[in-house]
There are 2 protein chains.
Amino acid sequence: MSLLGKTIARIQPSDESLRSQAKQRLDLLTMPHWALGRLMDLAIDLAGMTGSMKPAVDKRVVVTMAGDHGVTAEGVSKYPKEVTVQMVHNFLQGGAGINAISRVVNADVIVVDMGVAGEISGVSGNPSFLSRKIALGTKNMAVGPAMTRDEAAKAVQAGIEVALELCFNYNLFGTGDMGIGNTTPSSAIVAAITGAPPEQVTGRGTGLDDEQFKSKVSVIERILEVNRPDAKDPWDLLSKVGGFEIAGIAGLILGAASMRKPVLIDGFISTAGALIAQGLCPASADYMISAHRSVEQGHRIALDHLKKQPLLDLDMRLGEGTGAALAMSLVEAAVRILVEVATFEEASVSQADK
Amino acid sequence: MSLLGKTIARIQPSDESLRSQAKQRLDLLTMPHWALGRLMDLAIDLAGMTGSMKPAVDKRVVVTMAGDHGVTAEGVSKYPKEVTVQMVHNFLQGGAGINAISRVVNADVIVVDMGVAGEISGVSGNPSFLSRKIALGTKNMAVGPAMTRDEAAKAVQAGIEVALELCFNYNLFGTGDMGIGNTTPSSAIVAAITGAPPEQVTGRGTGLDDEQFKSKVSVIERILEVNRPDAKDPWDLLSKVGGFEIAGIAGLILGAASMRKPVLIDGFISTAGALIAQGLCPASADYMISAHRSVEQGHRIALDHLKKQPLLDLDMRLGEGTGAALAMSLVEAAVRILVEVATFEEASVSQADK
């Protein structure tokens, strides 16, 4: 069996017995019932994912998958393509948004070149960098498929391998992305899967004006017409209208889920990857935590389809994994509530009148 | 001049020049413009509060003010009054929600007895406990004023003193409360100040059913009829329909603001305290950060009046300072973005086309 097949076969649904044990304990904590709201819901999820009443979430990594997109030839981004390579260097020098936010939560940042359109120099031996380059960027999906089926499979497998390697050192994952133009494939994937019209799942990306926005919507309409991706077939979707970093994110989620490690899903691009992972293995969604709601308007529709409610809503739209990193402190809080807060009995506190 | 007068005289509005310096730097960071959204707005606020381009927020404390309320005689809470004392012990043993969440953000928890209706035993020499007891709980405000004007002044002054002492060791404050029955004075304060009808600012507190809720609304209506507090006079409000912990929170905010230290405002009760602080000194609002939106329905109205948008919205309604503690990691993230993220020039990254 292929690594993909083995990985999918290993992914178990969330552990119902642990979920119910966690709920039982949380019901008895010294506070009005469920007074810590969504953190308590999250604590149940974490117990079910990890199969433990003391979920381990102290070894944290944000995996920032980078790739380029041939569709930038259609003018869908305000930034030149070379920014992808430049930002990879910025990540490795510690100067990007994801580096700053990861320091808040003691998370390492691992950058993976899934398909950047250029060589990344001076990274030999750098433990924060992994090269899993499938190609020098995707092809222009406005005129044909972004990649071959074989490339799509290789990219997902590379993401799985990255997750399995990192599982030796980490127990809490965050997804991240970098790739000029990558809101376009994400919008195409979300439109195809949810059936929402392109103008509802297209955002301003890195800051388009009204005219540029209209042009981006029409590019996405063209992408869907030219490729006619099959929404029920994740491989068809990924190869025709995906991206290498999106495939890598899908693989990362599958790999982490197969090892029962929680994965914080960052913003719009990561959620497109999560939808692909869910398509390949519905049970993988049990290991996904939506970190935040992006400003990108399609993100809400994508999260509704995934049936996930985001933890944070702070008008962010950077990607890189910044939302995932930020939400790691909420995950730690949820675990500490489950593990460290006393019950009424333990603390000799009187209960409410019935 | 009294300590209160001196403190208020010292409170300076936010530093406009630092705010604009911070904005200038944030405009140039290696990301699409303002892509970290509200964290960047917060970074500007922090620069203005602290008067620094490197705001110090690494020494953190949550001050949980405790007090009892004579109005519990009207049946406004499902929990018996002795829970206030029991929970103070739970805080000091480290078993409460606030202890668990403070550990996530490396914040100390300091519990202040502002007016608990019982002795707190076994706390002599405990550095996490401060006794500033004004009285053994307030009087029943459904039949007359909760406290005298002199008691109100003493309680605010005690809060200021606590802040000034703690400023030697801490640079980031969070407010917190504990007091069975204290959503009732908070609702009364918010109704009086905002003019909102009692049923719109009354919540279910620790879990009232429909009938208990109606009864609580009618108690608050009675409180306002009996006392007729002057919304324009914070001392009249505080003494007639306040609480000792609410007064302490107001004082804490004023003290911290006078030393230019940011204060995270927790939920509904803390926001009632913040409204009193704002009434005593409007510029103190420049040092307040709204940590989260509580489930208590009056909280939204109170925050609108304070013109603050909360950072988190996680269906929490515990108080104790839990929301304030949780938001401390967002404050750290905002500072790190300002201080640590490279500009386009520093990182040699190409900028967007105009």
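Counting from 1, residues in each chain are numbered in the order their sequence is written. To label them, take the chains in the order written and letter them from A, then take the ligands in the order written and number them from 1. Since the coordinates come from a predicted model, pLDDT governs what is reported: local features require at least 70, and pairs of side-chain atoms require 80 or more to be given and counted, while whole-chain, interface and lining totals use all residues. With hydrogens and water excluded, all non-hydrogen atoms of the structure serve as input to the side-chain values.

As recorded in an unreviewed UniProt entry, chain A goes by Nicotinate-nucleotide--dimethylbenzimidazole phosphoribosyltransferase and comes from Desulfomonile tiedjei. Chain A has a UniProt comment under Function (unreviewed entry) that states "Catalyzes the synthesis of alpha-ribazole-5'-phosphate from nicotinate mononucleotide (NAMN) and 5,6-dimethylbenzimidazole (DMB)." Taken verbatim from the UniProt record of chain A, the Pathway (unreviewed entry) comment is "Nucleoside biosynthesis; alpha-ribazole biosynthesis; alpha-ribazole from 5,6-dimethylbenzimidazole: step 1/2." UniProt positions are given in the numbering used here, feature names are shortened, and annotations may be inferred rather than shown by experiment.

Right, let's talk about the overall build of chain A for a bit. Under the DSSP-based scheme used, a helix requires at least four consecutive residues in state H or I and a strand at least two consecutive residues in state E, with every element numbered from the N terminus. A count of helical and extended segments in chain A gives 15 helices and eight strands. Compactness check: chain A gives a C-alpha radius of gyration of 20 Å against a globular reference of 20 Å for 354 residues, within 12% of the reference. Its C-alpha atoms put chain A at 70 × 45 × 40 Å along the principal axes. The rule is simple: take the accessible area with a 1.4 Å probe, protein chains only, and divide by the maximum for that residue type; under 20% is buried, over 50% is exposed, in between is partly exposed. A burial count over chain A gives 65% of its 354 residues as buried. Here the Shrake-Rupley method, with its probe set to 1.4 Å, supplies the accessible areas, and only the displayed protein chains count as covering residues. For chain A, the computed accessible surface area is about 12,200 Å², with 48% contributed by carbon and sulfur atoms. It is over C-alpha atoms that the radius of gyration is taken, and the globule rule equals 2.2 Å times the number of residues to the power 0.38.

At the junction of the two partners, chain B supplies 54 residues and chain A supplies 54 residues. Roughly 4,500 Å² of surface becomes buried between chain B and chain A when both sides are summed, with 63% attributable to carbon and sulfur atoms. Throughout this description, the term salt bridge denotes a Lys or Arg side-chain nitrogen within 4 Å of a carboxyl oxygen of Asp or Glu. Scanning the region where chain B abuts chain A turns up two salt bridges. A salt bridge links Arg103 of chain B to Glu340 of chain A, with the shortest nitrogen-to-oxygen separation between them at 2.4 Å. Residues adjacent in sequence count toward polar contacts only when both atoms are side-chain atoms; beyond that, a polar contact is any pair of N or O atoms within 3.5 Å, and within protein one must be able to donate a hydrogen and the other to accept it. Seen at the junction of chain B and chain A, the total is 16 residue pairs in polar contact (both at pLDDT 80 or more). By definition in these notes, contact holds between two residues if any of their heavy atoms fall within 4.5 Å. Using a 1.4 Å probe, buried area is obtained as the accessible area two parts lose upon being combined, added over both of them.

For Phe, Tyr and Trp, where Trp contributes only its six-membered ring, two rings pair if their centres lie within 6.5 Å, and the inter-plane angle classes them as stacked under 30 degrees, edge-to-face over 60, or tilted in between. Evaluation of the coordinates by the stated rule reveals two aromatic pairs over all chains. On the numbers, 6.4 Å between centres and 15° between planes, the contact of Tyr79 of chain A with Phe344 of chain B is stacked. Here the residue Tyr79 of chain A occupies a position in the loop between strand 1 (60–67) and helix 4 (83–93), and Phe344 of chain B occupies one in helix 15 (residues 344–347), the pair thus bridging two chains. Like Tyr79 of chain A, the residue Phe344 of chain B is buried in the burial classification.

Quick look at the environment of Lys59 of chain A now. Residue and element names in this part refer to chain A. Its place among the elements puts Lys59 in the loop between helix 3 (37–50) and strand 1. Judged by relative accessible area, which is 46%, Lys59 ranks as partly exposed. Considering only alpha carbons, one finds Lys59 and Asp108, 49 residues apart in sequence, at a separation of 8.6 Å. With residues up to four places along the chain from it excluded, the contact list for Lys59 reads Asn169, Tyr170, Asn171 and Leu172.

Time to look at the domain arrangement of chain A. Residue and element names in this part refer to chain A. Note: domain ranges come from an automatic or database domain assignment. Annotation of chain A at the domain level lists domain 1 (3–55 + 338–347) and domain 2 (60–331). Counting residues at the interface gives 17 residues for domain 1, matched by 26 residues for domain 2. Carbon and sulfur atoms supply 69% of the area that domain 1 and domain 2 bury against each other, a total of about 1,900 Å² over both sides. Contact with domain 2 buries surface across domain 1, with Ile11, Arg38 and Met49 losing the most and accounting together for 34% of the total. Remark: the boundary between domain 1 and domain 2 carries zero salt bridges. Listing elements by their share of the side of domain 1 that touches domain 2, those giving two or more residues are helix 1 (3–10) and helix 3. Considered class by class, the residues forming the side of domain 1 that touches domain 2 number nine nonpolar, five polar and three charged. The classification used treats Ala, Val, Leu, Ile, Met, Phe, Trp, Tyr, Cys and Pro as nonpolar, Asp, Glu, Lys and Arg as charged, and all other residues, Gly among them, as polar.

Glancing now at the sheet that holds strand 4 (residues 172–178) of chain A. Residues and elements named next belong to chain A. Taking strand neighbours across the sheet as the criterion, the six strands line up as 3-2-1-4-5-6 in an open arrangement whose pairing is parallel. A single partner strand is all that each edge strand has here, and the edge strands are strand 3 (129–131) and strand 6 (288–290). Ignoring which end each strand starts from, the neighbouring axes of this sheet average 25° apart. Sitting on the sheet, helix 11 (residues 244–258) touches strand 1, strand 2 (107–115), strand 4, strand 5 (263–265) and strand 6, and the angle it makes with strand 4 is about 175°. A pair of strands is considered paired only if DSSP assigns at least 2 bridges between the two. To obtain each axis, a line is fitted to C-alpha atoms, and for helices this fit is confined to the stretch in contact; angles are then taken between N-to-C directions over 0 to 180 degrees.

Below, the discussion takes up the UniProt feature "active site" (unreviewed entry) in chain A. All names here are of chain A. The UniProt feature table records "active site" (unreviewed entry) at Glu320. Counting through the fold element by element, Glu320 comes out in the loop between strand 8 (312–316) and helix 14 (322–340). Judged by its relative accessible area of 1%, Glu320 falls in the buried class. Ignoring sequence-local partners within four residues, the contact set of Glu320 consists of Val62, Thr64, Met87, Phe91, Ala96, Gly97, Ile98, Gly176, Asp177 and Asp266.

Glancing now at the sheet that holds strand 4 (residues 172–178) of chain B. Residues and elements named next belong to chain B. With respect to topology, six strands assemble into an open sheet ordered 3-2-1-4-5-6, the strand pairing being parallel. Two strands close off the open sheet at either side, each with one partner strand: strand 3 (129–131) and strand 6 (288–290). On average, adjacent strands in this sheet sit at an angle of 25° to one another, irrespective of strand direction. As paired strands, strand 2 (residues 107–115) and strand 3 are joined by three bridges and run parallel to one another. Bridge pairing in strand 3 places Val111 opposite Phe129. Helix 4 (residues 83–93) rests against strand 1 (60–67), strand 2, strand 3 and strand 4 of the sheet, and its axis sits at about 145° to strand 4.

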